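# Structure at a glance
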Amino acid sequence: MAGQSDSHLSLFSPEEVEFMAEDELVEIVPNLRMDSLNFICGDYGPFYPQIATQVPFWLAVALKKRGKCTIRPPQWMSIENLTQVLEGERDSHAFQPLPFHYVEISRLLFDHAREDIPDIYMVRSLVEDIRDVRFHKVETNLEKFTASTVTWKNMSAMEVNIIRAFSGRALQAFYKHENEQVMPDTDRTQDRQPQIPTIRPKRNLKPR
């Protein structure tokens, strides 16, 4: 697995999970004045030069491609915070708190707003290290998976997507196995029961 999702094992492809993450809000700084934009999902704006505002990622990327804004990386992507998260991931079996779509958000920013991220190479390296450590924990947890220990917290969308299909099939197998042990096989039970001979009433024979 090593830090990436296998489309054969997960319910959604990485591209589909990223598509869902594009509805997350991000802060942009417009470089021009523009009226509000009206969409089915909501209204955003008006926009004023150098005044930050929040928009969905898909809109931020569209404006960025047209040179109409810069994108501000979220606070959790600072080098100081990522370093603390990485140390916590390495020192604990638990998952450290991160945004549910941290993998997809970071990838979108690396792909479309490289120049807006200070020390991008260090940030990218830390995010990849965090992702690899967390995915290793996912593999370890799957190896120890039992029906009574489904208590994983702070997992991201990509990590949940990987284990969802596996855990669903595993739980079904556990419950089926337990039911077979609790509920006896009726056919075999009947075969094991002693056969009681049928006693037929005697007929009185008429004298000849």
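For the chain, the name recorded in an unreviewed UniProt entry is DNA replication complex GINS protein PSF2, with Hevea brasiliensis as its organism. Recorded in UniProt under Sequence similarities (unreviewed entry), the annotation for the chain is "Belongs to the GINS2/PSF2 family." Of the comments in the UniProt record for the chain, the one headed Subunit (unreviewed entry) reads "Component of the GINS complex."

With that settled, consider helix α1 (residues 14-21). By the burial criterion, the buried members of α1 are Val17, Glu18 and Ala21. Buried residues of α1, viewed axially, fall in a sector of 100 degrees; they line one side. α1 presents Glu15 and Phe19 as exposed residues on the side facing more than 90 degrees away from its buried surface.

Turning our eyes to something else, we now look at the pattern of salt bridges. Applying the stated criterion to the full structure yields 8 salt bridges. The closest approach of N and O atoms between Glu27 and Arg72, which form a salt bridge, is 2.9 Å. Taken as a pair, Glu27 in strand β1 (residues 25-30) and Arg72 in strand β5 (residues 69-72) lie far apart in primary sequence, 45 residues in all. Look at Glu27 and you get partly exposed, because its relative accessible area is 29%. Given the relative accessible area of 41%, Arg72 is considered partly exposed. The closest approach of N and O atoms between Arg134 and Glu159, which form a salt bridge, is 2.8 Å.

On to the sheet that holds β1, then. Across the sheet, 3 strands lie side by side as β4-β1-β5; this open sheet has antiparallel pairing. Two strands in the sheet have a free side with no partner beyond their single neighbour: β4 (53-56) and β5. Within this sheet the neighbouring strands show an average axis-to-axis angle of 45 degrees, counted without direction. Of the strand pairs in this sheet, β1 and β4 are connected by 4 bridges, and their pairing is antiparallel. In the strand pairing of β4, Glu27 is matched with Gln54. Here helix α2 (residues 57-65) sits on the sheet and contacts β1, β4 and β5; the angle it forms with β4, its principal contact strand, is near 105 degrees.

What counts and what doesn't
- Residues numbered from 1 in each chain as written.
- Predicted model: local features only at pLDDT ≥ 70, side-chain atom pairs only at ≥ 80, totals over all residues.
- Heavy atoms only, no water.
- UniProt positions renumbered as here; feature names shortened; annotations may be inferred.
- Buried < 20%, exposed > 50% of the residue type's maximum accessible area, 1.4 Å probe, protein only.
- Helix = DSSP H or I, 4+ residues; strand = E, 2+ residues; numbered from the N terminus.
- Arc of directions from axis to C-beta.
- Salt bridge = Lys/Arg side-chain N within 4 Å of Asp/Glu carboxyl O.
- Pairing = 2+ DSSP bridges.
- Axes fitted to C-alpha atoms, helices over the stretch in contact; angles between N-to-C directions.
- Contact = heavy atoms within 4.5 Å.

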